[in-house]
Every structure is written in C-alpha cells, then in structure tokens.
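# Understanding the architecture of this molecule
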Amino acid sequence: MQQWRVHKFGGSSVADAACMERVATILEADPNPRLGVVLSACRGVTDVLLNLVAAAENQDDTVGKQIDAVRARHVTIADTLLSGKSKEEYLTQLDEDCRNIAGILQTVRLIKAASQLVRDLISGYGEIWSTRLFARYIAARGKRPGAVKWIDARDIVSVEWGPLGPSVRWEQSQANTERLMTSKEPCTHIITGFIARDVKGLQTTLGRNGSDFSGSIFGALLNAEEIVIWTDVDGVLSADPRLVPDATVIDSLSYNEAMELAYFGAKVIHPQTMAPAVRKNIPIWIKNTFAPQKAGTVICEKSTSQLMVKGTTCIDNIALVNLEGAGMIGVPGTAQRLFGALREHGISVILISQGSSEHSICFAIPEAQADRAATVVRDAFDSELRQGQIQRVETTKGCSILAVVGDGMAGSHGVAAKVFGALGNAGVSVRAIAQGASERNISAVIDGKQSSRALRSVHSSFYLSPNTVSIGLIGPGVVGGALLDQLASQVERLGRDFHIDLRVRGIMTSKQMFLQNGEIALGKWREAIKGEGLAADMVKFAQHVHADHLPHAIIIDCSASADVAKNYPAWLAAGIHVVTPNKKANSGDLGLYEQLHTARRAGGSHYLYEATVGAGLPVIQTLRDLRETGDEIRRVEGILSGTLAYLFNVWDGSQPFSTIVRDAKSKGYTEPDPRDDLSGADFARKIVILGREMGLKIELGTVALEGLVPPELSKCSVEEFLDRLPEFDAVMLKRLEGARARNKVLRYVGTLDAATSKASVGLVELDRSHTFANINLTDNVVRFTTSRYNQNPLVVQGPGAGPEVTAAGVFADLLRVCAYLGAKM
Ligand code: ADP
Ligand code: ASP
Ligand code: MG
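The sections below set out a description of the structure shown in this document. (Residues numbered from 1 in each chain as written. Chains lettered and ligands numbered in written order. Predicted model: local features only at pLDDT ≥ 70, side-chain atom pairs only at ≥ 80, totals over all residues. Heavy atoms only, no water.)

## Considerations on the overall build of the protein chain
Looking only at helices and strands, one finds 30 helices and 31 strands in the protein chain. Taking 28 Å as the expected radius of gyration for a compact globule of 825 residues, we find that the protein chain reaches 37 Å, considerably beyond that expectation. By principal-axis analysis of the C-alpha atoms, the protein chain measures approximately 120 × 75 × 55 Å. Of all 825 residues assigned to the protein chain, the portion counted as buried reaches 53%. Counted over contacts in the protein chain with a minimum sequence separation of 6, partners at least 24 positions apart contribute 73%. A total of about 35600 Å² of accessible surface is found on the protein chain, and carbon and sulfur atoms cover 51% of it. The positive charge centre, built from 88 side chains, and the negative charge centre, built from 90, are 1 Å apart in the protein chain. (Helix = DSSP H or I, 4+ residues; strand = E, 2+ residues; numbered from the N terminus. Rg over C-alpha atoms; globule rule 2.2 N^0.38 Å. Buried < 20%, exposed > 50% of the residue type's maximum accessible area, 1.4 Å probe, protein only. Contact = heavy atoms within 4.5 Å. Areas by Shrake-Rupley, 256 points an atom, 1.4 Å probe, with all protein chains shown as cover. Lys, Arg positive; Asp, Glu negative; His and termini not counted. Charge placed at Lys NZ, Arg CZ, Asp CG, Glu CD.)

## Some points on the packing of aromatic side chains
This structure, assessed with the given rule, holds 13 aromatic pairs. Centroid distance Phe339 to Phe363: 5.7 Å. Interplanar angle 75 degrees. Geometry classified as edge-to-face. On the criterion of sequence distance, the pair formed by Phe339 in helix α11 (residues 334–344) and Phe363 in strand β15 (residues 360–366) is long-range, its members being 24 residues apart. Taking the relative accessible area as the measure of exposure, Phe363 reaches 0% and is therefore buried. An aromatic cluster is built from Tyr568, Trp571, Tyr607 and Tyr609, whose rings are joined through pairwise contacts. The ring centre of Trp170 lies 4.0 Å from the NZ or CZ of Arg279, which sits over that ring. Above the plane of the ring of Tyr593 lies Arg692, whose end atom (NZ or CZ) is 5.1 Å from the centre. (Phe/Tyr/Trp six-rings, centres within 6.5 Å; stacked < 30°, edge-to-face > 60°. Lys NZ or Arg CZ within 6 Å of the ring centre and 35° of its normal.)

Structure below.
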C-alpha cells in the first residue's frame, strides 16, 4: 500500500481565505490517497495571542478589544470559505474559545503574572482555529478522496521538556497514532501544528516555529514517504532573503546541513525538525505555497548539490563572554566546570572557542542572558578569581554570529580563507572564531552593527558570479538613453554566453536619482525615472552603486558636466570603475587629469573613455595599443567634428558658406547653436585628450585654435547669428578660392606634434588626394604617424557622432572593464 504523505503549511501559507484556497488546491492535486496535513496558526496569530497574555499581565485595558480583533480575523475567513451549519458550528466553538480566553486572562490580570502553562494554553489556540476552519472548508469542497478528519495533536503527540527543548515520547505517541489516525482507506487528516501534551497530560507547545517540528513528527509517526514543508519562499535559500537580496535556492541539503543552518538562524525551518525525519530517513521538501510548480529544496541523508557552501546565516543579539587567566593553562576540567555551571542555570551556549594555549575560553550566548551568565561564571570561579588564577570575566554585548555551513567544506582548502578574506574586505573585525570538528560549519562572532554587511560580503564571495557588476548611470539623455536601450537588449545574452551579470542599480538625472536594491528593469527604465526619485546626491549615489554585497561597481557618466567629472578621483580611489563619454575630466585642468590617474592606480580601478573622441571609433584604444607596444607616436592629425567635416565636404563655393551652415542645421548635423561646433572648442578638447593620451602635458588654453565664429557674432542670439553670418561669406569664399588656386582643398583639421608638443585646430589646405579630402559626409578620421607607421600612416575612419555609435563606444568600454575583471569573453 502506498505510504502516507505529510504536508505542513506555515502561517504565511494560511494567512487568509485566499491562502487557504491555495492550500486546498495544492492538496487536491496530490494523488496520494492518504495525507497528513499539519497547519500553523494564521500568520501572526501566535504573536497576537502571546501579546494578549503580556497585556493582561500589564493590566492593559485593551485586552478585550484585542480578543475581538483576532476573533474577527477568523470570522472574516469563515465568512468567505464556510457556509450554513458548518460555519455556524465553527463560530460557536470560536466564541466559546474566546470566552474561555477572556476568562483566563481576567485571572492573569488579577494575579498580574501568567504561568508558562497559561502562555502555552493561550498561544495554542491559533492552530486550533486555523485547522478547524480549514478542515471544514476542504471537506465541503469534496475534492479529496475519502474522509477529512480534524486531528488535535494534543491527543497524539506526547513530549517531555528538557534543557534542549521538547523531546518526543515516541512509544506513547505512536500508540496514540495507531489508535486515532491509521487508516487503510483514503483520508485527509488536518492536524494542529505547534501544540502537544506533556508527561503530566497538560497542554504544551513545541516552541516558536514549532509547527515544522510537528510536521516532521507526524511524518515519522505515519511513516510517510516524504514530508513537504510549504512556506512563502522557493526553498531553503543561501541566506535570509530579507538580508541578502541575491540569495538563491539550494536544491538539496543533507539533514546535518539543514540542522546547522536552522540552528544558526535560518528561520525557514525549525532546528528540531530534522531528528524525526532522520530516524526514519524521510526526505523533507521545502516548497513555496505561492509557486507550487517550483522545484524547492530537498533535505535528505546526502545532498546531491555540488555546492561546497550551502548557506550563510547570522544570529543577532548575542553576547560574548570571555574568561581569561593563566591559571587555566593545563588545568583539566575547567571547561567542564564552566559549562556545567551554565547548564545548571539553564543558559544555553551557542558557540565556544578556546585558544590552544588554554589561556582563555570564550563563549557566545543570547544577549538577554549575558548578565546572568557573567554572575554564574563569577560565582563558579569565585576562588580562582580571588586568588588571581583567573584574571577576568568579560562580557561584550551587541555581537552577532555569522555562520557558513556546508558538508563539502570538509577537506577542501581555502573556504576559511575566503570567509575571512571577505570579512576583511568588508572591514569587519572578528572577535572569536569557531569551527566544528565536522568542518561543516565555520562561525565567527562579529560586531552586531556590521552583521548585514558581513553577511552580504561573505555570501557574495561564495554565490555571486565574480562577474556581477553593479552599474550606476548618470545622465540618461540622448547617449545615456541609447546606452540603456542597448543594455536592455544585450544583458540577457551577455549573461547566457559569457556569465556577465550586469545590473543597473541606479540612474541619476541632473536633479534626481532613482536607486534600486536589486536592479532597475532595463526594459522599463524610462518609466522608472518618471516617478518621484530622491534628490540627486553624488556621494549617496556612489555609495549605493558600490554596495557591499556586490563584487564590482561601475559608474557610467553620460552627462557633459564638469561637476560630475570632479568626482571621478574619489570614485576611482574607492575602487569604483568609471566609464564615460564626458570630455570634461580629460580635457580640463591638467592637475585634475593627473589626480585622476593617481587615484585610479591607488584604487586598483579602471577608467575608460573611448567615446570621448570619435564616438565609437577605436581611436583612444588604438593610440594606447601603439604606445603600450613600444611604438613611438610622432604625429596625430584628424577631423574630429562630424559637423565641420560635413561643412567642408559639401561646400564647393557654388553656394555661400552661410547657406551650407543653415542647411546643416536643418538636417540636424549641428548642435542647436551651430556656434558650438564652429567655434572648434569641442574639437580642441578632443585634441587635448589625444595629446594627453600620447603623454604630452597640454592644456586646452595652449591649443592654437582657429574658430570659425566671427567675434562680432559670438554673443548674439542663434537667429541673429544665422541672419548675419552672410556678412562674412566673402571672407570664407576668398579662402576657398585661394586654396583652389593652389589646387588644394579646405579642411578643418586638428594636429598634434610629439616633438614640439604643439597642438592646433583650424582650417588648413590639403592636397586633393589627401585622405582627409576624401571622407564621407560627417565621418571622423584620425591619422597616426609613428615610427612603425611612418611612410603610410595608420588611419581610423568612420561615423564619429550620433547617439547609437557613441553609446556603443561606451558599451564597449563597459565590456572591456568586465574582461579586465575576469569575464571570459
Ligand atoms: P512559515 O510561516 O511558512 O513558517 P517563516 O516565516 O517561519 O514561514 O519562514 C520563512 C521565512 O524564513 C522566509 O520568508 C524568509 O524570509 C526566512 N528565511 C530566513 N533565512 C532563510 C533561508 N536561509 N532560506 C529561506 N528563507 C529564510
Ligand atoms: N504558530 C507557531 C508560531 O508562530 C508555530 C509555527 O507557526 O510554526 O511560532
Ligand atoms: Mg516557520
């Protein structure tokens, strides 16, 4: 006959009517004819009930109202899911329970204190109410084969409370099971989680989150083929998802690993859950009620996962007690005395660490017990303290324990190095370390304030792809917007083919910034920046992008702002990589430029700016390659303005120059104010950038610049400028005719000469056969004359403007940084 299957649904899975409906659907889809179904109380109800007791102890007047509220929650669910007589019966029982609770609490109010028995009794009602309701509901749906039966776990599970928590009295519990639960017929038992009966027959609980334990106990009692624990996450995750946004589902864990994770704070499963399942070798599944189709995690004897580290956890509110003294060296039994005394006083020690010199022993305990523990220890070693064999008993509160768990850590080198390396990188100092002899766990006691940072950085060192990059983009304008669109269409492929994990986590406009902890959905970045953001703040933006838990950070500056560029040195020094098409930093003050590169070296970061010259054309990279391979660069010349290239390519003298300018503006080939192009200033910046790349110490002011804006027209409006430009047509025409007379053409060219360090930008006459005389409309062209390329210079030519190609140049730099960081492309 097919074995039973046991399901357990946590409070989050039975929070309201819609949740219960979901649970019923899951159970109805299970083909196993015999199910044991353990339910928690509806989400939060246990807390409410326990608070009620505390409120009564404190003479709180609102106890009655609070009872009404918790009752109302169940009435609402019953109104939705039950009807007729069934609902009436349910509500009658509920009302009677509430009256009883009110009665008990009235007594508590008078006595001003509640016994543990009262707390157990009252906190257990949540499970009684949720299961009674659900049992009636699923029975009425009529889609499960056979009978639906409500089982009160107090009639079955008998436990004995000891210092390590409740332990099951299997013989009694098994006998109860045989009597009340076994059935050869199809049936569905709806069982209260959390509650049980003690040796005296009084109601008790299995401790907070104890329904997981109930699930496992019933799995063992019914000899189930498997136990499925349903919750609100996709399985056991590599860390608490509320603390580590990148936590991923672990597909399989050994019982030992799960126990260790649970012990060190992974709330998804109660630590005692494993024991009954281990006894019978029953696999435990952790699955998501809200996504039942997902695989979940299986916990069994031996994990099939290849992962060496299965999870990282953190427990907060820990105190560290340190016992120190030369008198302990070589004295047998000190530890036994110490921990014996603590045990006698019911203080549970979470972690112990002793140096091999035996000069000190330290242990970690829940912070709430710290003062008591210190007293206990001082009392136990009273004479040693007085005689000076033990010098100190020191307590440090506000600590956390970080634990890294995994069977595979045994015998593999470097796990500890990685853990402590990550803690070091995150600036977390470690107060104590313990490694279990099983090598299944490495735990460290750290400052509680640093726990989230520590957890994230340790987690990322084991789980994130080393190619995960956090990106912040400044200036989502024409180029920045095109880049975001290109990223949107490529990130998936980059992830798939090259394991590059690019996450745009922040976008900043001139006024606002939009930050995301995960990542901004690139397909919807325009919507994302429409809403209300935070006020733009360079420092906060950089901090967000440079998150602790992500291995690498890149800021992409697509603004044209000198104010943004001023921040590069600080970012680079902090280890943030910078990629930009913004010319301001590289063509500004030479001091800033040098500071930038010093900061880059100090921070071990990368600074790339290919798109500052010739948009996407490989100009900077070519120059760099030439220099780095030892070529000597003698001369660089080029046409680095698409607008100026166009004007002189098109102008043949048949029309006035001013008409060509007007025409270019109407075609969108110029800036809104054509003087920005004609002045040559932007071009000169590019020449400065190239000059510095060649190693020349040049400043913008030293470039011999021949602008084409008549000084008389430099201040007026754009309209007036265009209207009056014809006044200067005659001068321009004269230059053209002069060139022609010498069988030459006119071109606007920039030149750099290495020997003299001279830079110039302006109109020159060139032979008709010159490369620069034969380029396409708005193309850019650069010619490198070097010791290797001297007879026949190296030429780079092609479209050198436009949002698409500029963005592509930035994108290429971004991928170059990824490659430097280790991505295999
Ligand atoms: P239930 O109501 O189903 O018993 P709990 O709230 O007790 O659910 O436990 C599930 C929660 O545990 C998850 O929502 C998650 O936030 C938290 N959690 C903490 N650590 C982990 C972890 N390592 N893996 C999965 N969940 C975890
Ligand atoms: N309802 C109980 C609690 O909240 C038991 C459980 O849900 O596991 O602790
Ligand atoms: Mg739980």
